[in-house]
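# Commentary on secondary and tertiary structure
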Amino acid sequence: MPKLARWLPFLRWPRPSRDLLRGETIAALTVAVVMIPQSVAYAGLAGMPLVTGLYATFLPMLVAVLFSGSTRLSVGPSALSAVLVGASLAGLAQPGSADWVMLAVWLALLAGAVQLAVGALQSAWVLNLVSSPVLAGFTLAASLLIMASQAPALIGLDAPLSSLLDGPPTLDLQALGYGLVSLVLFLLARRFAPKLPVMLIVLAAAGMLSAVTGYSARGAVVGALPQGLPSPYWPGWPGWERLGALVAPALVLALVSSLEMASSAKIESQRDGKRWNANQDLVGQGMGKIASAFCGSFATSTSFSRSAITLYAGARTGWTTVIATGFVLLVLLFLTPALSHVPRAVLAAVVIAAVSSLFKPRLLLALWRIHRVEAITAFATFAVTLLTAPRIYWGVLTGVLLGLAHFLYLRLHPRIIEVGLHPDGSLRDRHLWQLPPLASQLYGLRMDAELDFASASALERAVIEHLAEHPDVRHVCLFAQPINRVDATGVEVFAQLRKLLVERGITLHISGIKLPVQQVLDKAGALGAGPLLKLYRTDTEALLAFGRLSP
C-alpha cells in the first residue's frame, strides 16, 4: 500500500465520516459559487466556447486532486493560464472555432505532458528558472492586457478599443449598465463582504433581469450552452508547423501554471506543518491538463484566490474537491440554460474583478528598492510582455533569459575579498571596513563561491594581480570555509596556483577547508605536503599562527 500510495496519493485520504463530509460540503459549496462563474468567464478569455470553462472545472479538477500531494488546491481555469492560451493561439485559428479548440487541446496536452514528465522524473527544481521578479513583471503586464481585453464588453462597445481610431463604435447602454454595476458590486463585496457569494448572486440577478426585460433576445449575452457531460474528445493532427508553434507557449504555460500551483501549495504545506511534495503536485497538474484536453477544453491551472478560499472555508481533505465536482456536475446537467441569459458584460466584470487583485505595481517599486538588477529584469519582462502582445509568452522567456544571464554573471564573477580582523573578532572585507592587514607580507583572501569552472579563474586572477601590485608578499592565506565544492577545473587551477607560489617561494596557508573539498584535492595530489603549505582547521588557529591573537 505505501508504494501504491506514492503514485496514487488519494489512497492516503481519511475515510469519509458524517462530520467530515458536513464540513467538506460547506467548503465545497463556498468554492463552487466562486469557481463556476469564473470558469465560464475565463473560457471567454481563452477564446474558447463558454461551456468549456465548466468542462475544465469538472473532470480536470477531480483528476488533479487524485494525483496531487496537496489536496486543497483549486484546479481549473485561471486568469493567467486562460490569457496565455488565448495569446498562444492568436493568429493560428479563429477564436471559438473547431480549429481553435483543437489547437487549445494540443496546447493543454503539451503543457500537461511537460509537467507530468518533470514531476515523474523528480525534477521540480526547474521551477527555479522563473524567479519572483519575472513572475511579478509578467503578472502585472498580463493583468493589464486582460483588463484591456475585457473593457469593450464591460462598457458595451461592439468593437475592440483598437478600432476607436476608425470611427466611433456603437455603444450598448444597457450592457454598459450591466457591466459597471456588476463590477462595482464585485469590488464592494470583496472589500466589505468577502464571504458573500456575490458573483453567483449577481450572475443570477443579471440573468433574470436580462430575460424579463427582453435584453437576452437582442443584446450580447452568453447564449445557449450545451447541456450534459462533455463527450470524449480526440484532437485532429494540426501539422508539424502549427504544432511546432505551440512548443514555446506550452513550456511557458507549464512554467507559469507550476508557479501558480507552488504559490498555493506552499501556503497549504506551511499551514499544516508538512513537507511540500512539489514533484507529486506537478504530476497532478499535468494529469489535470491532460484530462481537460480529452474533455475538449483548454489548459487548467491552480487558482491562488480559489485555493485560499478553499483553505479558509475549512476544507481539510481532497473530499472537498470531490464534492465541488458534484456541484459542477449539477450545473452541467441542469443549470446551463439559466446561464444563457447572462449578459457578456457581467462576465467581463467577473474577469476584471478577479484580475484586478493581480495588478500590483508596488511590487516593482519594492523590487527597485531591494535589488536594482532584479527590478530591471521585472521591468523588462513587463515591457516585453506588453510589446509582444498577443504573443505574451515572450515576456516570460525574456525574463528567464535575463535571470539566467544575471546568475551566470554572478557565477563568473564571484565575491573575492581581502580580509582583515574586525574589532568584533570576525573576518571582514579589509578595504570596506578600512582594516589593517592580518600580518606583514601576508595576503589573506576569501572567496564566497564554489571552486569550479566558473569561478576558479577569478581566484587565480585575484592572487596574481595582488602579487604583481605587492611584490613583497611572502604568505598567501586562503580562508576556504565558504568553498563547499571543487570540480576538475578548480583542481587544475588550484594546482597551477600552488605551483606559481612555490616557484616564488611564497607559503600558501589554507584555513577551514571542508573535508569533501580537501579529499578531492588530496586525490589529485594538489595538497601534497611541503614546507610551503600550511593547513589550519579553523580561522582562529590560522590567526594565532599569524600572531594576530594572543594564545
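Described below are features of the structure shown in this document. Each chain has its residues counted from 1, running along the sequence as written. The predicted origin of the model limits local features to residues at a pLDDT of at least 70 and limits the giving and counting of side-chain atom pairs to 80 or more, whereas totals for whole chains, interfaces and linings rest on all residues. With hydrogens and water excluded, all non-hydrogen atoms of the structure serve as input to the side-chain values.

### A short note on a nonpolar patch on the surface
A surface patch of nonpolar side chains, amounting to about 470 Å² of accessible area, comprises Leu229, Leu330, Leu333, Phe334 and Leu335. For the purposes of this entry, the term helix denotes a DSSP run of H or I that reaches at least four residues, the term strand denotes a run of E that reaches at least two, and both are numbered from the N terminus. Mapped onto the elements of the fold, leucine 335 is located in helix H15 (residues 319–339). What makes a patch is a set of residues exposed beyond 30% relative accessible area and free of salt bridges, joined within 9 Å when like-charged and within 5 Å when nonpolar (Val, Leu, Ile, Met, Phe, Trp, Tyr). Using a 1.4 Å probe, accessible areas were evaluated by the Shrake-Rupley method; residue-level cover was limited to the displayed protein chains. We define a salt bridge as a side-chain nitrogen of Lys or Arg found within 4 Å of a carboxyl oxygen belonging to Asp or Glu.

### Notes on the packing of helix H5 (residues 79–89) against helix H6 (residues 98–120)
Running from amino to carboxyl end, H5 crosses H6 at an angle of 120°, the nearest separation of the two axes being 10 Å. In this view, H5 runs oblique relative to H6, as classed from their interaxial angle. Seen from above, H5 lies across H6 with right-handed handedness. Every residue of H6 that contacts H5 at Val85, Gly86, Ser88 and Leu89 is listed here: Trp100, Leu103, Ala104 and Leu107. Three classes are used, and their members are as follows: Ala, Val, Leu, Ile, Met, Phe, Trp, Tyr, Cys and Pro are nonpolar, Asp, Glu, Lys and Arg are charged, and the others, Gly among them, are polar. Of the residues in the contact of H5 with H6, the class split is six nonpolar, two polar and no charged. Axis angles are defined between N-to-C directions and span 0 to 180 degrees, where every axis is a line fitted to C-alpha atoms and, for a helix, only to the segment in contact. An angle below 35 degrees is treated as roughly parallel, one above 145 as roughly antiparallel, one from 65 to 115 as roughly perpendicular, and anything else as oblique. Helix crossings fall into two classes, left-handed where the near helix is turned counterclockwise from the far one by less than a right angle and right-handed where it is turned clockwise. Contacts are assigned to residue pairs that have any heavy atoms within 4.5 Å of one another.

### Observations regarding the sheet that holds strand S8 (residues 533–536)
Here a strand pair is declared whenever DSSP counts at least two bridges between the two strands. Strand order in the open sheet formed by six strands is S4-S3-S5-S6-S7-S8, and the pairing between neighbours is mixed. Each edge of the open sheet carries a strand with a single partner, namely strand S4 (427–429) and S8. With strand direction ignored, the average angle separating the axes of adjacent strands in the sheet is 30°. Here strand S6 (residues 475–479) runs beside strand S7 (residues 507–511); their pairing, made up of five bridges, is parallel. Along S7, the bridge assignment pairs histidine 475 with threonine 507. Where helix H21 (residues 488–503) meets the sheet, its contacts fall on S6, S7 and S8, and the angle it forms with S7 comes to roughly 135°.

### Some remarks on helix H9 (residues 198–213)
Taking 1.5 Å of rise per residue, 16 residues should cover 22 Å, and H9 covers 22 Å from first to last C-alpha, within 8% of that figure. To sort residues, take the accessible area from a 1.4 Å probe on protein chains only and compare it with the maximum for the residue type: under 20% means buried, over 50% means exposed, and anything in between is partly exposed. Of all the residues in H9, the buried ones are Val198, Met199, Val202, Leu203, Ala206, Gly207 and Ser210. Seen end-on, H9 carries its buried residues on one side only, within an arc spanning 160°. Looking at H9, the residues exposed on the side facing more than 90 degrees away from the buried face are Met208 and Val212. Taken together, the buried residues of H9 touch helix H2 (18–45), helix H8 (173–192), helix H10 (215–218), H15 and helix H16 (344–355). Just past H9, the residue glycine 214 takes up positive phi, approximately 85°. Given the number of residues in a helix, its expected span is that number minus one, multiplied by 1.5 Å. By definition, the arc is the one covered by directions from the helix axis to the C-beta atoms.

### Some details on the nonpolar core
Joining through side-chain atoms within 4.5 Å is the link that ties buried Ala, Val, Leu, Ile, Met, Phe, Trp, Tyr and Cys residues into a set, and such a set is a nonpolar core. In terms of nonpolar packing, the biggest core is built from 97 residues, with Leu84, Val85, Phe138, Phe186 and Phe298 touching the most fellow members. Residues within four places of phenylalanine 186 in sequence aside, it is in contact with Val198, Met199, Val202, Val346, Ala349, Val350 and Ala353.

### Observations regarding the pairing of strand S3 (residues 416–421)
Extensive coverage of S3 is indicated by the burial of five of its six residues. In this structure, S3 lies alongside strand S5 (residues 442–447), joined through three bridges in antiparallel fashion. Following the sheet pairing, isoleucine 416 is matched in S5 by methionine 447. Two elements, S3 and S4, share three bridges in a ladder whose sense is antiparallel.

Everything listed is a geometric property; what it means functionally is a separate question.
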